[in-house]
Amino acid sequence: MIDNSSIVIETKNLTKRFQNVVANDCVSIDFHRGEIHSLLGENGAGKTTLAECLFGFYQPDSGEIYHKGKRVTLSSPRDAIKLGIGMVHQHFVLIRPFSVLENIAMSSLKKSVLLDLTATEQKMGFLCEQYGITLDLHAKVWQLSVGEQQWVEILKAVYYGVDLLILDEPTASLTPQEANQLFSVLGQMKKQGLSVIFITHKLKEVMDISDRVSVLRKGKLIDTVMTSEVTKEDLARKMVGRDVVFQIKKDRSTIGEPILKATNLRTQNDRGLDALRGASFTLHKSEILGIAGIAGNGQRELFEVLTGIRRLKGGEIQFNGKSIINNSPEEIKNLGIAHIPDDRISEGLIMDFSVADNLILGRQRDKDYRKGPFLDRKKIIDSAADLIRIFNIVSPSPLNRTRFLSGGNLQKVILARELNRDPKCLVANQPTRGLDVGVIEYIHGRLLELRKLGVGILLISEDLDELFSLSDRIAVVYRGEIVETFNTPDASLEEVGLCMAGTGGVSI
Amino acid sequence: MKLKIGFKVEKRKNVSPAAQIMSLMIALLLSALATGLLMVIGKANVAEGFIAIYKGAFGTWKASIESLVKATPLILTGLATVIAFRARIWNIGQEGQLYIGAITAYWAYTQFTDLPPAALLTTTILFALIGGAVCGFMPAFIKAKFAVDEIITTIMLNYIVIYFLSWLLSGPWKDPSHYYQQSPTILEKAQFPILMVHTRLHLGFILAIVAALILYLLISKTPLGYEIQAMGFNPTASRFQGINVVKTMLIVMMISGAVSGLAGAGELFGVILRLKSNISLGYGYTGIIIAMLAGLEPLAVIPVAILFGGLINGSFLLQTTTNIPSALVYVIQAIVLLFFLGARAASVYRLRITKSD
Amino acid sequence: MIENLLQAAIIVNILGSMVRIATPLLFAAMGELVSERSGVMNMGLEGTMLTAAFIGFMVAKNTGSLLLAICMASLAGGMVCLILALMTITLGVDQIITGLALNLLASGGTLFWFRLSYSQTSLENTPLIEFLKPVDIPPLSDIPYLGKVLFSHNLLTYLAFLVVPVIWFFLYKTFYGLQVRSLGENPKAADMTGMSVIKNRYIAVVIGGLMAGLGGAFVSVGSVERFFPDMTAGKGWLAIVIVIAGNWKPGRIFLATLIFAFLDAFQLQVQSIGVQFPYQILLALPYIVAIIALISGRTRSDAPESLGVSYHRE
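Predicted model, so just to flag it, every value in this text is computed and none were measured.

K.L.:
I would appreciate a short explanation of the overall build of chain A in the present structure.
P.N.:
Helix and strand counts for chain A stand at 17 helices and 22 strands. Against the globule reference of 23 Å for 508 residues, chain A gives a C-alpha radius of gyration of 24 Å, in line with a compact fold. Taken across its 508 residues, chain A has 44% of its residues classed as buried.

What follows is the structure in structure tokens.
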């Protein structure tokens, strides 16, 4: 039951700008004691910004924040922490070389001269017991798994006594099972009177655990409703502003012959630890093979090995029958394997180049774009203009600096560049992460088109819904191996989730 | 409801070329003020001081040409810095690369003294380029193989090269007829031709201008230049998208070293005409300043280097006229750079007036 | 018998020199450690030390007080680093270029000021000062051999060696030390705890400058009677190398400093004995060793993760 008379924190007409972008536009929401309140919205809707304002990391440009009835100004997270507000960020703010205890001790408001971790250890041990969490308190953070790091973040917030906990996309890197454990702990905390602001873009979670939900779209508050009084479709419509197609209609096309065959791939990650421990799969023409898995199980290294960025320490990769192990990225691209990297800004584009220059990135030495020893600027610009038109990239001119484009358009530039090479194979790593629904639909559409044209696509994604709607088969990677490959029509979310966690599934 | 008007400092996303030039102007203005202040502290007449600097730099035709002579090595070390910094390679070893260029050129001169002048000239220049290139290659190789940053290795090499030269000049290449550590005078046939009679303007100046043009074309119009710029902006994406970052780095450092080596040959065969331990008066480091002020643009290096050449020239007249040490020019150089960096950084911010209640 | 003595005397000489030579390097390296642990790399360390050496000399020459000279030198070091902090932390200018610019300013500025002050003096009348003399510690310095090596140095040397455990304790056993270290690893995390990243980085950098200033003071006022241009001769750069070679840990840094100092002391001894050897190689030795040290120490770097990266909230 929600206690309507006790509002823990509320905002009135809160506005926050970043240069020309209005991230929060006159938002007024109240959060009650003992409730789990979801903030729902697409990427860029303003959920995180609002949360950071409540946490004192950002200062609103106008509007007020009231804490338990009193007007407050939070000029730094310290002020928020003093009021009992804690926040767990989407990208953890932990100090990786420090131990768990040192990370917790860092946040202490009491400034002692000497560093004494024994009291911290005792209290942490007690908290872990209370919530049923197992954690090696002396381990360095970089040694912990992503799920364990998340618990450190949560306990860090809870340790100093909070009555309002803000969680930003907490299940992004958790297995379905770990997410459930989180929800049960939150339920426990709620019973003790804790209020939770739960930021997410996943409708299922909102329906499952929240009492009320506020929907944000493009910085504005659309509505605040009781979860029990709405449907998933209602929320989706509020979130996007129009009816959303939940399932892309996919033709059942026949899978062609094998095009990319990986056998027993072995390699290490940047820290020298084994990342791929004998992964094997076969990708066919006219197929989308999805790679599912929790972040950190070798997907990144798999992507880097297939695109030539990381050296393979063992195993074999065959493209159309020819071995391509340890080919350079340039050679692999020239053979016909294109790729879309995980991080478009740091891995896929040169932001200070013009759009035209980014569209030939990787092909600057091609005879097509050269006139003698010099670059043929006219050809480059004309070719860019064509691509901009075909792919509907929003950019005033090909000579525009790429850093002024929006996220969706950046991804389109990468897509245009890669598809312009007429690839036979495409390796895509999180191609729709952080993008608007409109762009996601567009990219999904192009991927399915490519599939029809005979291209083999390896789709690495943390979005299970995306994998289920696009892939013909789903391979689950766990601790550097492909533990199970499902035929999508025959697979269930639970089965795949269990595989991702390393439990269950039929052995190959 | 009270209306509160406040100020907010916002950060722009990048610096426009207009802002860069404005920053340079502001930097020069502030530096002039600081210079005046230093003159006052030095008990000199400020007006007299500035006039002396101007006269010494560009006051007469002869002075202007001499300023060009002083600018010659600066153009080259400036260019060497530009190409390296564009690729985000922090080559601070221009000084050492300059000296190695002079050393290898001198060695070639001693080995091939009997060649006809044109051939000898070409040979010495060639060896200067090769020597500088090898000297630039070493830190790049160390970085490629051992992941050791080039800043420290290039600086360490500067010191090592100086001691190497000292050994050469006190041993195998010492001029027996002199007490000081220096080589015998270079024969006239090997000296760089003088471009204008009764001046010291030598072939090196032409080579410097040509080098600037070549680097300009290279960086902005060729695929290699594209790759250099890509590397400088985003090495990760460059690597991911097929650019061989290691190979490009090695090439860039060789070019950079070669250009500095050419500066060494120019000073040796064009001006000083003997190998000495102080052929360079910090030209390598001044080149870094010039490159930064030129916004890392090869063609812009030329006017900035000429300005600095003029300053150096003017500082001598300053000393004889007002007793202010000519070392003032080094202070001015550093101050200009600091103000320029500060002004450029500050131009990224803008003031926004906010209204709140 | 005499030969044994001679051998021992030489070794004692070398080790004693090693301790002395290590002094400015220890000050500078420890100061740089604090600065780099907070995330700021001081490429202008050479210029900082040179400025301090010059100021120390000038104050000693004009006031006769060595204590005042040392204090002012330290302050001068702090001031130079304050400028570095202003440009890199507040204005966000690249740390490397700022450091280089400060080196050039120090080099030119000290030369200019020196020439300005003593332009009338001829070679015979170069300005001289009384520099810091060694102080024996009575019971300890009488120990045969060891006494001469360890306990017959001047106050700055004793201080330099004391600084090592003090900095170690500060960084690893105090709460503030933990906070400073967090600035260099993950400034956003530190910001989240309410700590002012900017203010505390300033403090760390200035502490580094004050200590580098002491190092510079030793180079001039603590060792010789005159000032000459660029007298720090790359010690600042060596200190930076030492921090890297010591993998950002106080104990390792101490060891690395002693090794460099030993090599330098060794080559000085060889020079004075007059071995038939090109002395230039010996002079170049520290720089060659520095490169070798960097190459061999690359296996696992514990550099602070946010070293060299400016921090902005938005």
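Following the structure, the description resumes.
K.L.:
Please explain the interface of chain A and chain C as it appears in this structure.
P.N.:
In many reports, interface size means the accessible area that the parts give up when they come together. At the junction of the two partners, chain A supplies 20 residues and chain C supplies 16 residues. Contributions of two or more residues to the side of chain A that touches chain C are made by α2 (77-82) and α3 (100-106) of chain A. Residues of the side of chain A that touches chain C, tallied by class, amount to 13 nonpolar, three polar and four charged.

K.L.:
For this particular structure, what's the right way to read the confidence of the model for chain A?
P.N.:
Residues shown with low pLDDT carry predicted positions that ought not to be read at fine detail. When pLDDT is averaged across chain A, the result is 87; 94% of the residues are at 70 or more. Predicted confidence in chain A is weakest over helix α17 (residues 493-500) of chain A, with a mean pLDDT of 77, and strongest over strand β19 (residues 425-429) of chain A, with 96.

K.L.:
How do you make sense of unusual backbone geometry when you look at a structure like this?
P.N.:
Comment: phi is negative for the bulk of residues other than glycine, and the bulk of peptide bonds are trans. Residues and elements named next belong to chain A. Even without a glycine there, the phi angle at Cys 26 is positive, about 55 degrees. Along the chain, Cys 26 turns up in strand β2 (residues 21-32). Phi is positive for Asn 392, which is not a glycine, with a value near 60 degrees. Here Asn 392 is to be found in the loop between α13 (377-390) and α14 (407-419). According to the C-beta neighbour criterion, Asn 392 is exposed, with 12 such atoms within 10 Å.

K.L.:
When you look at the nonpolar core in this model, what are you seeing that I'm missing?
P.N.:
As a rule of thumb, nonpolar side chains are buried together in soluble globular proteins. Residues Val 476 of chain A, Leu 79, Leu 262 and Val 301 of chain B together with Val 241 and Ile 242 of chain C are the most contacted members of the largest nonpolar core, which totals 361 residues. The leading source of residues in this core is helix α13 (residues 328-346) of chain B, at 14 residues. Setting aside residues no more than four positions away along its own chain, Val 241 of chain C makes contact with Ile 152 of chain B together with Ala 290, Ala 293 and Leu 294 of chain C.

K.L.:
Would you mind going over the sheet that holds strand β10 (residues 220-226) of chain A with me for this structure?
P.N.:
The pairing of strands in a sheet happens through backbone hydrogen bonds and is either parallel or antiparallel. Residue and element names in this part refer to chain A. Spatially, the six strands line up as an open sheet ordered β6-β7-β8-β3-β9-β10, and their pairing is mixed. A single partner strand is all that each edge strand has here, and the edge strands are β6 (85-88) and β10. This sheet shows a mean twist of 15 degrees between the axes of neighbouring strands, independent of strand direction. Pairing between β6 and strand β7 (residues 164-168): four bridges, direction parallel. Paired with Gly 86 across the two strands is Leu 165, which belongs to β7. Against the sheet, helix α8 (residues 232-240) makes contact with β3 (36-40), β9 (212-217) and β10, and its axis sits at roughly 30 degrees relative to β9, the strand it touches most.

About the cut-offs
Residues numbered from 1 in each chain as written. Chains lettered and ligands numbered in written order. Predicted model: local features only at pLDDT ≥ 70, side-chain atom pairs only at ≥ 80, totals over all residues. Helix = DSSP H or I, 4+ residues; strand = E, 2+ residues; numbered from the N terminus. Rg over C-alpha atoms; globule rule 2.2 N^0.38 Å. Buried ≥ 20, exposed ≤ 12 C-beta atoms within 10 Å, placed from the backbone. Contact = placed C-beta atoms within 7 Å. Nonpolar A, V, L, I, M, F, W, Y, C, P; charged D, E, K, R; others polar. pLDDT = per-residue confidence, 0-100. Core = buried A, V, L, I, M, F, W, Y, C linked by C-beta atoms within 7 Å. Pairing = 2+ DSSP bridges. Axes fitted to C-alpha atoms, helices over the stretch in contact; angles between N-to-C directions.

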